[in-house]
Amino acid sequence: MRYFLVKFVARDPISADVLENALYGSIERMFGKFGSEELRTRFIAFEESSKLAVVRCTSASVEKLRTALLLMREVDGAPLAAGVLRSSGTIRGLKVRVRGLRRR
Amino acid sequence: MAKLLAEFRVRLVGVVIPADKLGIHPIVLDAFEDAGLDVAKRLDLKPRSRDELLRALRRYRNRCEIISVECSATSVARVAVRDRRVDLVYFQNRERGNIFRGNLAGNCRAVLEVNLSELAHGPGFETALRSLRRDIASAAQTSVEVTGSTNASSPFALRSPRDIAGLLHILGLSIRSALGAVSDIPHEIVARNRLRAKMPNAEEGVKVVRRAAADE
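If you're wondering where the values come from, they're calculated on a predicted model, not measured in any experiment. (Residues numbered from 1 in each chain as written. Chains lettered and ligands numbered in written order. Predicted model: local features only at pLDDT ≥ 70, side-chain atom pairs only at ≥ 80, totals over all residues.)

**Student:** It is not clear to me how the sheet that holds strand β2 (residues 38–45) of chain B should be interpreted in this structure. Could you clarify?
**Tutor:** Where strands meet in a sheet, backbone hydrogen bonds hold them as pairs that are either parallel or antiparallel. All names here are of chain B. Ordered in space as β1-β2-β3-β4-β5-β6, the 6 strands form an open sheet in which the pairing is parallel. Of all the strands in the sheet, just β1 (12–16) and β6 (146–149) have a single pairing partner and so form its edges. The average angle at which neighbouring strand axes cross in this sheet is 35°, direction not considered. (Pairing = 2+ DSSP bridges. Helix = DSSP H or I, 4+ residues; strand = E, 2+ residues; numbered from the N terminus. Axes fitted to C-alpha atoms, helices over the stretch in contact; angles between N-to-C directions.)

The following block contains the structure:
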């Protein structure tokens, strides 16, 4: 498994459920139902104030998840951008990197 | 935008400057420089004929660090792919007409630019995807270098370079070439043109190793 710290950029406050559905929708549109199963994506956590999320997928489908995130352009008609800030093989490693990111 | 680019760990950004403002230092560049980014002036040319392209290259080549040419006509594309003053060539996504393949790809000295702003879910997504795959396959067959750009004019259009590499890999580039497309290739273009601006008489392939004591 591979864990990603993802930054979302949106004009208005946005809920985790909406983002989660938008991400799964983007994956399905790009890779189809069968392909999206292979990714085994999970939206683990989301902080509304900073719009940072932790997302997981299989190690073999890292590029696919990045592509699906890149193709997320709007949610509920409002513009949206998403980008991976950090990635790690363990969720613990990602937490260490997030702490480093916040300290800067 | 500058802050977000810094968060995405971007080091070099090409800012499109209109041709009439190339001589001055626009304030927008300072915002990027303050965020710790290396800024390169970029000029986007959209010539309608071969002569218009050659005139623009003669006039603007030494005033900017990146020149990109949108190849909207075959006559423009034939010159743009071969002229070494052109850094990037961009072909609009379309199924027929002036497209990047065959003879054009075989003679291409410039870097093929893949513009991600055209790629969005919705009507025409499959066509755009197919078109990009075909361009990238043509480039790979003929060893033409590829780079990806966002063409962003707002923070919502910005993307992380590593994510762009992911898309290029999905579209058919090897992971090594995809990573080079968003790191080595843009840096090489800017470094080459900065050197060319500093030493206009140096030919391609000439590199200053050190200067004689008398010159220093």
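Don't stop here, the text continues.
**Student:** Could you clarify how one ought to interpret the pairing of β2 of chain B in this entry?
**Tutor:** In summary, the side chains of a regular strand alternate between the two faces of the sheet. Residue and element names in this part refer to chain B. Where burial is concerned, most of β2 is hidden: 6 out of the 8 residues are buried. Note: β1 against β2, 5 bridges, orientation parallel. Directly across from Val15, in β2, lies its bridge partner Lys41. Traced from β1 through helix α2 (residues 27–34) to β2, the parallel crossover comes out right-handed. The sheet contact formed by β2 and strand β3 (residues 66–70) spans 4 bridges and is parallel. Residue Leu43 lies in a different strand from β3, and its bridge partner there is Ile67. (Buried ≥ 20, exposed ≤ 12 C-beta atoms within 10 Å, placed from the backbone. Right-handed = clockwise from strand over helix to strand, strands pointing away.)

**Student:** Please clarify how the sheet that holds strand β4 (residues 74–75) of chain A should be interpreted in this entry.
**Tutor:** All names here are of chain A. Strand order in the open sheet formed by 5 strands is β2-β3-β1-β5-β4, and the pairing between neighbours is antiparallel. Looking at strand neighbours, the two that pair on one side only are β2 (42–47) and β4, the edges of this open sheet. As judged from the 6 bridges shared by strand β1 (residues 2–10) and strand β3 (residues 52–57), these two strands associate in the antiparallel manner. Bridge pairing in β3 places Val6 opposite Ala53. Against the sheet, helix α1 (residues 16–39) engages β1, β2, β3 and β4, with an angle of about 160° to β2. (Contact = placed C-beta atoms within 7 Å.)

**Student:** I'm lost on the packing of helix α2 (residues 62–70) of chain A against helix α7 (residues 161–170) of chain B in this one. Help?
**Tutor:** For any two helices packed against each other, one specifies the inter-axial angle together with the distance between the axes. α7 of chain B packs onto α2 of chain A with a crossing angle of 110° between their chain directions and a minimal axis gap of 8 Å. In this view, α2 of chain A runs roughly perpendicular relative to α7 of chain B, as classed from their interaxial angle. Taken as a pair, α2 of chain A and α7 of chain B cross one another with a handedness that is left-handed. Here Glu63, Lys64, Arg66, Thr67, Leu69 and Leu70 of chain A of α2 of chain A lie close against α7 of chain B, whose contacting residues are Arg162, Asp163, Ile164, Gly166, Leu167, His169 and Ile170 of chain B. Here the contact of α2 of chain A with α7 of chain B is composed, by residue class, of 5 nonpolar, 3 polar and 5 charged. (Parallel < 35°, antiparallel > 145°, perpendicular 65-115°, else oblique. Left-handed = near helix turned anticlockwise from the far one by under 90°. Nonpolar A, V, L, I, M, F, W, Y, C, P; charged D, E, K, R; others polar.)

**Student:** What is the right way to look at the interface of chain A and chain B in this model?
**Tutor:** How large an interface is tends to be reported as the accessible area lost when its parts come together. Counting residues at the interface gives 18 residues for chain A, matched by 19 residues for chain B. Those elements that place two or more of their residues in the side of chain A that touches chain B are β1, α1, α2 and β5 (78–88) of chain A. Residue composition of the side of chain A that touches chain B, by class: 9 nonpolar, 3 polar and 6 charged.

**Student:** Sorry, what's going on with the nonpolar core here?
**Tutor:** It is characteristic of soluble globular proteins that their nonpolar side chains tend to be buried jointly. Within the largest apolar cluster, 81 residues are counted, with the highest numbers of intra-cluster contacts made by Val6 of chain A together with Val69, Ala80, Val89, Leu112, Val146 and Leu168 of chain B. Not counting chain neighbours up to four residues away, the residues in contact with Ala80 of chain B comprise Leu53, Val69, Cys71, Val86, Val89 and Ala110 of chain B. (Core = buried A, V, L, I, M, F, W, Y, C linked by C-beta atoms within 7 Å.)

**Student:** Even after reading the chapter, I still don't get the confidence of the model for chain A, so can you show me in this structure?
**Tutor:** Parts of the prediction with low pLDDT should not have their coordinates interpreted in detail. In the predicted model, chain A carries a mean pLDDT of 90, and 95% of its residues have values of at least 70. No element of chain A has a lower mean pLDDT than helix α3 (residues 91–103) of chain A, which averages 76, and none a higher one than α2 of chain A, which averages 95. (pLDDT = per-residue confidence, 0-100.)

**Student:** How do you make sense of the packing of α1 of chain A against α2 of chain A when you look at a structure like this?
**Tutor:** Residue and element names in this part refer to chain A. At their nearest, the axes of α1 and α2 sit 8 Å apart, and the two run at 160° to each other. Overall, the two elements α1 and α2 adopt an arrangement that is roughly antiparallel. Crossing geometry of α1 relative to α2 is assigned as right-handed. Every residue of α2 that contacts α1 at Leu23, Ser26, Ile27, Met30, Phe31 and Leu39 is listed here: Lys64, Leu65, Thr67 and Ala68. Along the lines of polarity and charge, the residues of the contact of α1 with α2 split into 7 nonpolar, 2 polar and 1 charged.

**Student:** How should the pairing of strand β5 (residues 111–115) of chain B be read in this particular structure?
**Tutor:** Residue and element names in this part refer to chain B. Along β5, 4 of the 5 residues are buried, which leaves the element largely enclosed by surrounding structure. In the sheet, strand β4 (residues 88–90) pairs with β5 via 2 bridges, with the strands oriented parallel. If you follow Leu88 over to β5, its bridge partner there is Val111. Summarising the sheet, β5 and β6 pair through 4 bridges and their orientation is parallel. Each residue of the ladder has a partner; that of Asn115, found in β6, is Ser149.

**Student:** For this particular structure, what's the right way to read the environment of Arg42 of chain B?
**Tutor:** Residues and elements named next belong to chain B. Mapped onto the elements, Arg42 comes out in strand β2. Assessed through the 20 C-beta atoms surrounding it within 10 Å, Arg42 is described here as buried. Along the primary structure Arg42 and Ile66 are separated by 24 residues, whereas in three dimensions their C-alpha atoms are 4.5 Å apart. Other than its neighbours up to four places away in sequence, Arg42 contacts Gly14, Val15, Val16, Ile17, Cys64, Glu65, Ile66 and Ser68.

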